[in-house]
Amino acid sequence: NAGVTQTPKFQVLKTGQSMTLQCAQDMNHNSMYWYRQDPGMGLRLIYYSASEGTTDKGEVPNGYNVSRLNKREFSLRLESAAPSQTSVYFCASRLTSLHFGNGTRLTVT
Amino acid sequence: GDSVTQMEGPVTLSEEAFLTINCTYTATGYPSLFWYVQYPGEGLQLLLKATKADDKGSNKGFEATYRKETTSFHLEKGSVQVSDSAVYFCALTSGAGSYQLTFGKGTKLSVIP
């Protein structure tokens, strides 16, 4: 039982480059989430998807887009990466409580 | 809006010491409260939860009681171990139908032998 799987685990981008972070869950959860974690800031919600076919902005959506491809998959896209987007990104799914992936550590230079 | 305030760390304790990490909250409605733990290099894992006032969540020797009158959900453990070294996050969700969780900033615990 894999739970929530994120790829890649590490990524380095140059300013202006684009990339997509992938997330898949095998728990048949309706809700999925993208958070970023920065030192001293805790976790901040970027986007979430309450169910397949819907997405909503969280606390810090600027610079990001998301796609809920199907019930299992929820991807996060950075169209033009900026150094301020250097962070650890966590995907999560939820039934009654959140289940997290192991994160993607992104560095933008 | 909703908010969670945790005691700032880092907290360093000797093995077998008593642990308290304070958490207070502000929320509309009747929130559910959670403690998550994050070990180095990993994602967060649910440690315990409580869904209504006076409920006590417990797991792995950790406990927290939902206190509506003081809007608190303090985490306690009677005797910590080195393996408890991690970052602990308090979180809430505002009632049924809410899809968003609000997290505190986390408290780093280091337990030394």
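Structure shown above.
Residues numbered from 1 in each chain as written. Chains lettered and ligands numbered in written order. Predicted model: local features only at pLDDT ≥ 70, side-chain atom pairs only at ≥ 80, totals over all residues. Heavy atoms only, no water.

Asker: How would you sum up the overall build of chain A? Please name residues and give values.
Answerer: Per the secondary structure count, chain A includes 0 helices and 11 strands. In chain A, the order of α-helices and β-strands from amino to carboxyl end is β-β-β-β-β-β-β-β-β-β-β. Taken over C-alpha atoms, the radius of gyration comes to 13 Å for chain A, in line with the 13 Å a tight globule of 109 residues would show. The principal-axis extents of the C-alpha atoms in chain A amount to approximately 35 × 25 × 25 Å. Looking at chain A residue by residue over its 109 residues, the buried ones come to 50%. Taking all contacts inside chain A whose residues are at least 6 apart in sequence as the whole, residues at least 24 apart take part in 52%. Only carbon and sulfur atoms are counted for the fraction: they give 47% of the accessible area of chain A, which is about 5,100 Å². Across chain A, the mean location of the 11 positive side-chain charges is 5 Å away from that of the 7 negative side-chain charges. (Helix = DSSP H or I, 4+ residues; strand = E, 2+ residues; numbered from the N terminus. Rg over C-alpha atoms; globule rule 2.2 N^0.38 Å. Buried < 20%, exposed > 50% of the residue type's maximum accessible area, 1.4 Å probe, protein only. Contact = heavy atoms within 4.5 Å. Areas by Shrake-Rupley, 256 points an atom, 1.4 Å probe, with all protein chains shown as cover. Lys, Arg positive; Asp, Glu negative; His and termini not counted. Charge placed at Lys NZ, Arg CZ, Asp CG, Glu CD.)

Asker: So what's going on with the state of the cysteines? Residues and values would help.
Answerer: As enumerated under the stated definition, the model contains 2 disulfides over all chains in all. Put simply, C23 of chain A and C91 of chain A are joined by a disulfide, and their sulfur atoms are 1.8 Å apart. Judged by the sign of its S-S torsion, about -75°, the cystine formed by C23 of chain A and C91 of chain A is left-handed. Placement of the pair is C23 of chain A in strand β3 (residues 19-25) and C91 of chain A in strand β9 (residues 87-94), with a sequence separation of 68 residues. Disulfide pairing places C23 of chain B opposite C90 of chain B at an S-S distance of 2.0 Å. An S-S torsion of about -70° defines the bridge between C23 of chain B and C90 of chain B as left-handed. Here C23 of chain B, found in strand β4 (residues 23-26), pairs with C90 of chain B, found in strand β10 (residues 86-93); they are 67 residues apart in sequence, far enough to count as distant. (Disulfide = S-S within 2.5 Å.)

Asker: Explain the sheet that holds strand β1 (residues 4-7) of chain A to me, and be specific about the residues and the numbers.
Answerer: All names here are of chain A. Strand order in the open sheet formed by 4 strands is β1-β3-β8-β7, and the pairing between neighbours is antiparallel. Where the open sheet ends on each side, the last strands, each with one partner, are β1 and β7 (64-68). Neighbouring strand axes in the sheet, compared pairwise and without regard to direction, differ in orientation by 15° on average. Here 3 bridges tie β3 to strand β8 (residues 74-78), and the two strands are oriented antiparallel to one another. (Pairing = 2+ DSSP bridges. Axes fitted to C-alpha atoms, helices over the stretch in contact; angles between N-to-C directions.)

Asker: I'd like to hear about the pairing of strand β6 (residues 44-50) of chain B, residue by residue, with values.
Answerer: Residue and element names in this part refer to chain B. As paired elements, strand β5 (residues 32-38) and β6 share 6 bridges and run antiparallel to each other. For W35, the partnering residue across the bridge sits in β6 and is L48. Between β5 and β6, which pair antiparallel in sequence order, lie 5 residues; one of them, G41, sits at a positive phi of approximately 75°.

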